[in-house]
Amino acid sequence: MVTRDVELAEIEVFKRIIDELGDFLFFIDFFNYGEPLLNPRLGDFIQIAAQKKISTCVSTNLSLPLSDARIRGLVSSGLHHLLVSLDGASAETYSTYRRKGNFDLVVKNLRKIIATKKELGLKNPFVTWRMLIFR
């Protein structure tokens, strides 16, 4: 099994990468190894990419407490696409897959994101609800 140290991406490193490569990039996924919303500066990363007109996507399980300010920052950051892994249509089916997740918290966060997007009159981020299908 491959293990990695637990670290957060550093904004200064990201800025240097964007300064060097930003004119050649058209899309950035802000996910792969771990939950991107654990980085409190995620919105800053997205804003930097948006300034270079780079399309961005975040994939999250959204199962962590998010303040209204954090949600507003994410929604207004210039994010293009938000993929939410809400792995079920009820708390019961959700818990079949997400052992430590909190269905009600995910739904609450998702509703706040949609409400904030509407309040700000924004088309983006486009929100996709991903779920697993059970019998």
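Residues numbered from 1 in each chain as written. Predicted model: local features only at pLDDT ≥ 70, side-chain atom pairs only at ≥ 80, totals over all residues. Heavy atoms only, no water.

S.K.: Any chance you could explain the overall build of the protein chain here in plain terms?
M.R.: Regarding its fold elements, the protein chain presents five helices and four strands. Taken from the N to the C terminus, the helices and strands of the protein chain come in the order α-β-α-β-α-β-α-α-β. In terms of C-alpha radius of gyration, the protein chain reaches 16 Å, essentially the compact-globule figure of 14 Å for 135 residues. Projected onto its principal axes, the C-alpha coordinates of the protein chain cover approximately 50 × 45 × 25 Å. The long-range share in the protein chain, meaning contacts at least 24 apart out of those at least 6 apart in sequence, stands at 73%. For the protein chain, the computed accessible surface area is about 9000 Å², with 54% contributed by carbon and sulfur atoms. Averaging the locations of the 19 positively and 15 negatively charged side chains of the protein chain gives two centres separated by 7 Å. (Helix = DSSP H or I, 4+ residues; strand = E, 2+ residues; numbered from the N terminus. Rg over C-alpha atoms; globule rule 2.2 N^0.38 Å. Contact = heavy atoms within 4.5 Å. Areas by Shrake-Rupley, 256 points an atom, 1.4 Å probe, with all protein chains shown as cover. Lys, Arg positive; Asp, Glu negative; His and termini not counted. Charge placed at Lys NZ, Arg CZ, Asp CG, Glu CD.)

S.K.: I keep staring at the pairing of strand 2 (residues 55-60) and nothing clicks. Help me out?
M.R.: For a regular strand, side chains alternate in direction, first toward one face of the sheet and then toward the other. In terms of burial, strand 2 is largely enclosed, as five of its six residues are buried. By the bridge criterion, three bridges tie strand 1 (residues 27-29) to strand 2 in an arrangement that is parallel. Residue pairing across strands places Phe 27 opposite Ser 55, the latter belonging to strand 2. The β-α-β motif built from strand 1, the intervening helix 2 (residues 42-51) and the parallel element strand 2 has right-handed crossover chirality. Note: strand 2 against strand 3 (residues 81-85), four bridges, orientation parallel. Residue pairing in the sheet places Cys 57 in a bridge with His 81 of strand 3. Once you follow strand 2 into helix 3 (residues 68-75) and on to strand 3, the crossover reads as right-handed. (Buried < 20%, exposed > 50% of the residue type's maximum accessible area, 1.4 Å probe, protein only. Pairing = 2+ DSSP bridges. Right-handed = clockwise from strand over helix to strand, strands pointing away.)

S.K.: Help me understand helix 5 (residues 103-120), please; the structure alone is not making it clear to me.
M.R.: In an α-helix there are 3.6 residues to a turn, and that puts residues three or four apart on one side. Counted at 1.5 Å a residue, the expected span for helix 5 with its 18 residues is 26 Å, and the 26 Å between its end C-alpha atoms agrees. Phe 103, Leu 105, Val 106, Val 107, Asn 109, Leu 110, Ile 113, Thr 116 and Lys 117 are the residues of helix 5 that are buried. Turning to helix 5, the residues buried within the fold contact helix 3, strand 3, helix 4 (91-97) and strand 4 (126-130). N-capping of helix 5 is provided by Asn 102, with a side-chain oxygen placed 3.2 Å from the backbone N of Asp 104. Backbone geometry just downstream of helix 5 places Gly 121 in the positive-phi region, at approximately 65 degrees. (Expected span 1.5 Å × (residues − 1). Polar contact = N/O pair within 3.5 Å; in protein donor to acceptor, adjacent residues only side chain to side chain.)

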